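# Structure at a glance
The chain contents come next:
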Amino acid sequence: MDTGHKAQTPVDDSRAQALALIERAKHLSSTGHIDQAGDLIGRALSLARRCDDRQVLGWALMEEGWVAYCAGRPLAAYTASSEACRLLADCNDVERHAQALNTCALVYISSDD
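Just so it is clear, the structure is predicted and the values come from calculations on it, not from any experiment. For every chain, the first residue of the written sequence is number 1, and numbering continues from 1 along that sequence. Under the rules for a predicted model, residues below a pLDDT of 70 receive no local features and side-chain atom pairs below 80 are neither given nor counted, while totals for whole chains, interfaces and linings still include all residues. To get the side-chain values, take all heavy atoms of the structure and skip hydrogens and water.

## Overview of the environment of Ser-29
Comment: elements are numbered from the N terminus, with helices defined as DSSP H or I runs of at least four residues and strands as E runs of at least two. Relative to the helices and strands, Ser-29 is located in helix α1 (residues 10-30). A relative accessible area of 10% means that Ser-29 is categorised as buried. On a C-alpha basis, the gap between Ser-29 and Ala-71 in space is 9.5 Å, while along the polypeptide they are 42 residues apart. Ignoring any residue separated from it by four or fewer positions in sequence, one finds Ser-29 in contact with Ile-34, Ala-37, Glu-63, Trp-66 and Val-67. Partly exposed residues are those whose accessible area sits between 20% and 50% of the maximum for their type, while under 20% is buried and over 50% is exposed, using a 1.4 Å probe and protein chains only. Any two residues whose heavy atoms approach within 4.5 Å are treated as being in contact.

## Observations regarding the packing of helix α3 (residues 54-70) against helix α4 (residues 74-90)
It is at 7 Å that the axes of α3 and α4 come closest, and there the two elements cross at 155°. Taken together, the axis directions place α3 and α4 in an arrangement best described as roughly antiparallel. The chirality of how α3 crosses α4 is left-handed. Taken together, the residues of α4 that come into contact with α3 (itself represented by Arg-54, Gln-55, Leu-57, Gly-58, Trp-59, Leu-61, Met-62, Glu-64, Gly-65, Ala-68 and Tyr-69) are Ala-76, Ala-77, Ala-80, Ser-81, Glu-83, Ala-84, Arg-86, Leu-87, Leu-88 and Asp-90. Axes here refer to lines fitted to C-alpha atoms; in helices the fit is confined to the stretch in contact. Angles between the N-to-C directions go from 0 to 180 degrees. Small angles under 35 degrees read as roughly parallel and large ones over 145 as roughly antiparallel, with 65 to 115 read as roughly perpendicular and the rest as oblique. Crossing chirality is assigned from the near helix's rotation relative to the far helix, an anticlockwise turn below a right angle marking it left-handed and a clockwise turn marking it right-handed.

## A word on helix α2 (residues 34-51)
By this rule the span expected of a helix is its residue count minus one, scaled by 1.5 Å. Given a rise of 1.5 Å per residue, 18 residues ought to cover 26 Å, and the 25 Å separating the end C-alpha atoms of α2 matches this to within 8%. All buried positions along α2 are accounted for by Ile-34, Ala-37, Leu-40, Ile-41, Ala-44, Leu-45, Leu-47, Ala-48 and Cys-51. In the stretch just after α2, Asp-52 is the one whose phi turns positive, near 55°.

## Some remarks on the nonpolar core
Put simply, a nonpolar core is a bunch of buried Ala, Val, Leu, Ile, Met, Phe, Trp, Tyr and Cys residues held in one set by side-chain atoms that sit within 4.5 Å of each other. Formed by 27 residues in total, the largest nonpolar core has its most connected members in Ile-22, Ile-41, Leu-45, Val-56, Leu-57, Leu-61 and Ala-84. Elements with a contribution of two residues or more to this core: α1, α2, α3, α4 and α5 (94-110). In terms of residue count, α2 provides more of this core than any other element does, 8 residues in total. If we skip the residues at most four places from it in the chain, Leu-57 touches Leu-45, Ala-48, Arg-49 and Leu-87.

## As for the layout of surface pockets
Here a cavity denotes a set of grid points, spaced 1 Å apart and computed over the protein atoms alone, in which a 1.4 Å probe fits but from which it cannot get out, and a pocket denotes an open set meeting protein on both sides within 12 Å along at least five of seven lines; residues with an atom within 4 Å of a point are reported as lining. Grid points are joined across faces, edges and corners, and a volume is the space filled by probe spheres set on the points. Approximately 160 Å³ is the volume attributed to the largest pocket. As for the largest pocket, its lining consists of Lys-26, Ser-29, Met-62, Glu-63, Trp-66, Gln-99, Asn-102 and Thr-103. For the lining of the largest pocket, the elements supplying multiple residues, two or more each, are α1, α3 and α5. In terms of residue class, the lining of the largest pocket is built from 2 nonpolar, 4 polar and 2 charged. Three classes are used: nonpolar for Ala, Val, Leu, Ile, Met, Phe, Trp, Tyr, Cys and Pro, charged for Asp, Glu, Lys and Arg, and polar for all others, with Gly counted as polar.

Here it is in structure tokens:
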């Protein structure tokens, strides 16, 4: 009997898992659990690369940049955020592109140079 439900492929599953990890990491970073958020983002990045979804990869990089900024790692924050900017601009994801740009700006204005 056809229920109309399409089975998830491994790519769909990786995408869903990456999105869930990104959201969990956002929550953890907003509550000060930066190390835990960083661990989750590392896993999310791996999954996002596996599913080959540029937008999800951009979201994971955006969050990686924010977590790195919160952890006091400005070079890592800028590197991840600038890559997120490129990917998210290519995907026309205006809102998240702006968030990634914001992290780049925070790194810039926070620098001692």
